[in-house]
Every structure is written in C-alpha cells, then in structure tokens.
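Observations on chain architecture
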Amino acid sequence: LLPKKAWCFPICGGVFNVFEFLFSFGCVNEVRKEKGMDLPSTPQTKEFFKALILPFVSLHQIYTSSVVDPKASHTRTSLLTIAVYTACFFGWIALFSCGIINHGFVALGWSLFFMNACIVTSLRMHFRDRLGIDGNIIADFCASSFFYPQALAQMVLESQNAEPNEHIE
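On a predicted model such as this, the values are computed, not experimentally measured, just so you know. (Residues numbered from 1 in each chain as written. Predicted model: local features only at pLDDT ≥ 70, side-chain atom pairs only at ≥ 80, totals over all residues. Heavy atoms only, no water.)

Moving on, we come to the packing of helix H3 (residues 42-53) against helix H8 (residues 148-161). At a minimum axis separation of 8 Å, H3 and H8 run at an interaxial angle of 130 degrees. Taken together, the axes of H3 and H8 lie oblique to each other. Handedness of the H3/H8 crossing: right-handed. Note on element contacts: H8 touches H3 through Tyr148, Pro149, Gln150, Leu152, Ala153, Val156, Leu157 and Gln160, opposite Pro43, Gln44, Glu47, Phe48, Ala51 and Leu52. Of the residues contributing to the contact of H3 with H8, the split by class is 10 nonpolar, 3 polar and 1 charged. (Axes fitted to C-alpha atoms, helices over the stretch in contact; angles between N-to-C directions. Helix = DSSP H or I, 4+ residues; strand = E, 2+ residues; numbered from the N terminus. Parallel < 35°, antiparallel > 145°, perpendicular 65-115°, else oblique. Left-handed = near helix turned anticlockwise from the far one by under 90°. Contact = heavy atoms within 4.5 Å. Nonpolar A, V, L, I, M, F, W, Y, C, P; charged D, E, K, R; others polar.)

This part covers the side chain of Ser144. Mapped onto the secondary structure, Ser144 falls in helix H7 (residues 137-146). You can call Ser144 buried: its relative accessible area is 2%. (Buried < 20%, exposed > 50% of the residue type's maximum accessible area, 1.4 Å probe, protein only.)

Once that is clear, we can look at the packing of aromatic side chains. By the definition in use, this model includes 14 aromatic pairs. Seen in terms of ring centroids, Trp110 and Phe114 are 5.7 Å apart; in terms of plane orientation they differ by 20 degrees. Their pairing is stacked. Of this pair, Trp110 and Phe114 both sit in helix H6 (residues 104-131), 4 residues apart, roughly one helical turn. For Trp110, a relative accessible area of 40% corresponds to the partly exposed category. (Phe/Tyr/Trp six-rings, centres within 6.5 Å; stacked < 30°, edge-to-face > 60°.)

Let us now look at H3. For H3, spanning 12 residues, the distance from its first C-alpha to its last is 17 Å, which sits close to the expected 16 Å at 1.5 Å a residue. Among all positions of H3, only Gln44, Glu47, Phe48 and Ala51 are buried. Looking straight down H3, one finds that the buried residues subtend no more than 105 degrees of arc, so they occupy a single side. Across H3 from its buried face, at more than 90 degrees, point the exposed residues Thr42, Lys46 and Ile53. Lining the buried residues of H3 we find helix H4 (55-63) and H8. (Expected span 1.5 Å × (residues − 1). Arc of directions from axis to C-beta.)

What follows covers the side chain of Arg124. Among the secondary structure elements, Arg124 is positioned in helix H6. Look at Arg124 and you get buried, because its relative accessible area is 4%. A polar atom in the side chain of Arg124 sits 3.0 Å from the side chain of Asp140. The contact partners of Arg124, leaving out residues within four places of it in the chain, are Trp7, Ile11, Asp140, Ala143, Ser144, Ala151, Gln154 and Met155. (Polar contact = N/O pair within 3.5 Å; in protein donor to acceptor, adjacent residues only side chain to side chain.)

To continue, consider the nonpolar core. Counting 24 residues, the largest nonpolar core has Leu59, Ile62, Tyr85, Phe127, Leu152 and Met155 as the members making the most contacts within it. The set of elements that each furnish at least two residues to this core consists of H4, helix H5 (75-97), H6 and H8. Top element by residues in this core is H6. It accounts for 6 residues. With sequence-adjacent residues up to four places away left out, Tyr85 is seen in contact with Pro55, Phe56, Leu59, Asn116, Ile119, Val120, Tyr148 and Leu152. (Core = buried A, V, L, I, M, F, W, Y, C linked by side-chain atoms within 4.5 Å.)

See the structure below:
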C-alpha cells in the first residue's frame, strides 16, 4: 500500500485563491505566498474553466489517464460513463432552464445534477485509492457536487504530476 499523501493543490485553492487575494486586499499570508498559493497558476485556471464549461473533456482525460486505467482495458466502460455524464450535464442545464415553465423541471434537474456528482464521486474515490491520497466519501461527494470544476481540475493536474510507478497496478 502507498503512504497517505495529499492533493497537489487543495480543493479550496486554485481559482478560489483569487477571492482570498481580493478580500484581503492583496495581503495574503506570507506562508501561502512562499508556496506560490497566493494566486492560481495558469494550469489551475485553465483546467478549472475547462471543467466548468466542458466537464466531459476533463472527465475523459481522467478516465484515460495512467492513474485510472493504466492498461487501457476499460475504454468502453469509460466512454459509456462519460456519455451518461455528458447527457446528464446537458440535461440538468436544460431542465433548470425549463424551470421557468414548470417548477417540476427543476426537481428533475437536481436529480441529474446529483447523478453527475455520484459519477465524479466514484471516480474521485477510485483516483484517491490508486494514488494513496487521504480522504473520505463525504468530502468527495461535497467536492464532486458543489465544487465539481475544481474537483475535476484537481484530478487532471494530479494525473499529470503522478509518477508512472506511483500508483498501484
């Protein structure tokens, strides 16, 4: 088993560091500045907005990474999961938009939204397990539902930084 470790950047870091910078009027903690955590890096910003607008692209990148599928043996399952996620993603947006017509659409939209959260939670748990990252299902679900762009960006960047021999085969 791998020793427990942490993510390369925290779920409340990255793009959210902009808010800390603004609300502190640029007076960010010196320790955070030394670690380069006062403002988001370009890759963090790029991955966040990609995951916000096109989360299925990030999802595909994670599912095909050497961390999740090192032998590329689960391609069909991954593509099916990504297709379901994509349908649910556009579905919840459409249903929330139709909430103007009837409030019942919003309830269905929430169902699809949380179905997406369950897909990302499952992936995040598997990802953490493969890399030996400490965490739990409740934190994974919260991150996958309310901070899904950050959670996806976090996994993409972690998969890019992961050493080939760092994960369990």
